[in-house]
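If you want the building blocks of each chain, they are given just below.
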Amino acid sequence: FGIHEFFRLPDSFPIMADCGAFSYIDSINPPYQTNDVLRLYSELGFQYGVSIDHLIVKQHIEQKNDRLKITYINGVEAYNEWKKKYKDDFQLIVAVQGETIPEYIEMFKNFSMRGITHFGFGGLVRSQTSFIVSLTDAIIDSIQDMRNRPEHIHFFGVARCQLLQKYKEREDLLITVSVDSASYLRRAWLSAPTSQI
């Protein structure tokens, strides 16, 4: 019956769908195909859907270039298919990955040159706050050179209080900024008292 009815939420409540790259972090390739994922986002009624990415992590650093390429190719394929078939169904968020700030910015700029305006920066959950601050500053610097200004930037898993002012600075540039975090839910779940029998 769709994602909103499943969660008993009104249709006006925006929900974002993502493939959950942490669930296949040890795989050589993501277990999903772009056309299947986009169709699912549409059929279930999500307002936002994220392209398939592959995390850059230290335990698989030898796969870094392959994972960057997978993320980029999936982003381009998703954008092209979304424009043709799903533009009226949901807003595509194209995932951006990297290990270093220059790698994030290079992918961000390359996507932007293709006309993409909605981005999701992933793989930051384990990063220090200082790295994310530097990344957000680099994003702003790179926007000056862009022909197509981004409309929306999402930061995955980093809804940290000390970063909220930095995100606000991006919104001052008329860029919608959104964040998410499962940390609070995870803490609440894991810290819940267990009943004694």
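Looking at the overall build of the protein
- Counting its secondary structure elements, the protein contains 7 helices and 6 strands.
- From first element to last, N terminus to C terminus, the protein shows the α and β order α-β-α-β-α-β-α-β-α-β-α-β-α.
- Taking 16 Å as the expected radius of gyration for a compact globule of 197 residues, we find that the protein reaches 17 Å, a close match to that expectation.
- If one aligns the C-alpha atoms of the protein with their principal axes, the spans along those axes are about 60 × 40 × 40 Å.

Overview of the packing of helix H3 (residues 64–86) against helix H4 (residues 101–113)
- Running from amino to carboxyl end, H3 crosses H4 at an angle of 25°, the nearest separation of the two axes being 11 Å. For the element pair H3 / H4, the angle class is roughly parallel. The element H3 and its partner H4 pack so that their crossing is right-handed. Mapping the contact onto sequence places Lys64, Leu68, Thr71, Tyr72, Gly75 and Val76 in H3 and Glu103, Met107, Asn110 and Phe111 in H4.
- The class makeup of the residues in the contact of H3 with H4 is 5 nonpolar, 3 polar and 2 charged.

Examining the nonpolar core
- One finds Phe108, Phe121, Ile139 and Phe155 to be the most contacted residues of the largest nonpolar core, which totals 49 residues.
- Contributing elements (two or more residues each) for this core: helix H2 (34–44), H3, strand E3 (91–96), H4, strand E4 (118–121), helix H5 (129–143) and strand E5 (152–155).

Notes on the packing of aromatic side chains
- Taken as a whole and assessed by the stated rule, the structure comprises 12 aromatic pairs.
- A ring pair is formed by Tyr24 and Tyr32, whose centres lie 5.9 Å apart and whose planes are at 75°; its orientation type is edge-to-face.
- Exposure remark for Tyr24: the relative accessible area of 3% places this residue in the buried category.
- Three or more aromatic residues joined by ring pairs make a cluster, and in this case those are Tyr104, Phe108, Phe119, Phe121, Phe131 and Phe155.

What about the packing of H2 against H3?
- The N-to-C vectors of H2 and H3 enclose an angle of 45°; their axes lie 10 Å apart at closest approach. In terms of axis orientation, H2 runs oblique to H3. Considering the relative orientation of H2 and H3, their crossing is right-handed. Here H2 contributes Thr34, Asn35, Leu38, Arg39 and Ser42 to the contact with H3, which in turn contributes Asn74, Glu77, Ala78, Glu81, Trp82 and Tyr86.
- Class assignment for the residues of the contact of H2 with H3 results in 4 nonpolar, 4 polar and 3 charged.

Considerations on the environment of Asn148
- Relative to the helices and strands, Asn148 resides in the loop between H5 and E5.
- Taking the C-alpha atoms as reference, Asn148 lies 6.6 Å from Gly115; in sequence the two are 33 residues apart.
- Filtering out sequence-adjacent residues up to four positions away, Asn148 remains in contact with Ser112 and Gly115.
- For Asn148, the side chain forms a polar contact with the main-chain oxygen of Ser112, separated by 3.0 Å.

Notes on unusual backbone geometry
- Of note in this structure, Arg8 is not a glycine but carries a positive phi near 55°.
- Mapped onto the elements, Arg8 comes out in the loop between helix H1 (3–7) and strand E1 (16–17).
- With a relative accessible area of 78%, Arg8 lands in the exposed category.

Comments concerning the pairing of E5
- Across the two faces of E5 the burial is the same, with His152 and His154 and Ile153 and Phe155 all buried.
- Direction of pairing for E4 relative to E5: parallel, over a ladder of 4 bridges. If you follow Phe121 over to E5, its bridge partner there is Phe155.
- In this region the chain leaves E4, passes through H5 and returns to the parallel neighbour E5; the handedness of that crossover is right-handed.

Section: H5
- An ideal rise of 1.5 Å per residue puts 21 Å on 15 residues; H5 measures up with 21 Å between its terminal C-alpha atoms.
- Listed in full, the buried residues belonging to H5 are Ile132, Leu135, Thr136, Ala138, Ile139, Ile140, Ser142 and Ile143.

The rules behind these values
- Residues numbered from 1 in each chain as written.
- Predicted model: local features only at pLDDT ≥ 70, side-chain atom pairs only at ≥ 80, totals over all residues.
- Heavy atoms only, no water.
- Helix = DSSP H or I, 4+ residues; strand = E, 2+ residues; numbered from the N terminus.
- Rg over C-alpha atoms; globule rule 2.2 N^0.38 Å.
- Axes fitted to C-alpha atoms, helices over the stretch in contact; angles between N-to-C directions.
- Parallel < 35°, antiparallel > 145°, perpendicular 65-115°, else oblique.
- Left-handed = near helix turned anticlockwise from the far one by under 90°.
- Contact = heavy atoms within 4.5 Å.
- Nonpolar A, V, L, I, M, F, W, Y, C, P; charged D, E, K, R; others polar.
- Core = buried A, V, L, I, M, F, W, Y, C linked by side-chain atoms within 4.5 Å.
- Buried < 20%, exposed > 50% of the residue type's maximum accessible area, 1.4 Å probe, protein only.
- Phe/Tyr/Trp six-rings, centres within 6.5 Å; stacked < 30°, edge-to-face > 60°.
- Polar contact = N/O pair within 3.5 Å; in protein donor to acceptor, adjacent residues only side chain to side chain.
- Pairing = 2+ DSSP bridges.
- Right-handed = clockwise from strand over helix to strand, strands pointing away.
- Expected span 1.5 Å × (residues − 1).

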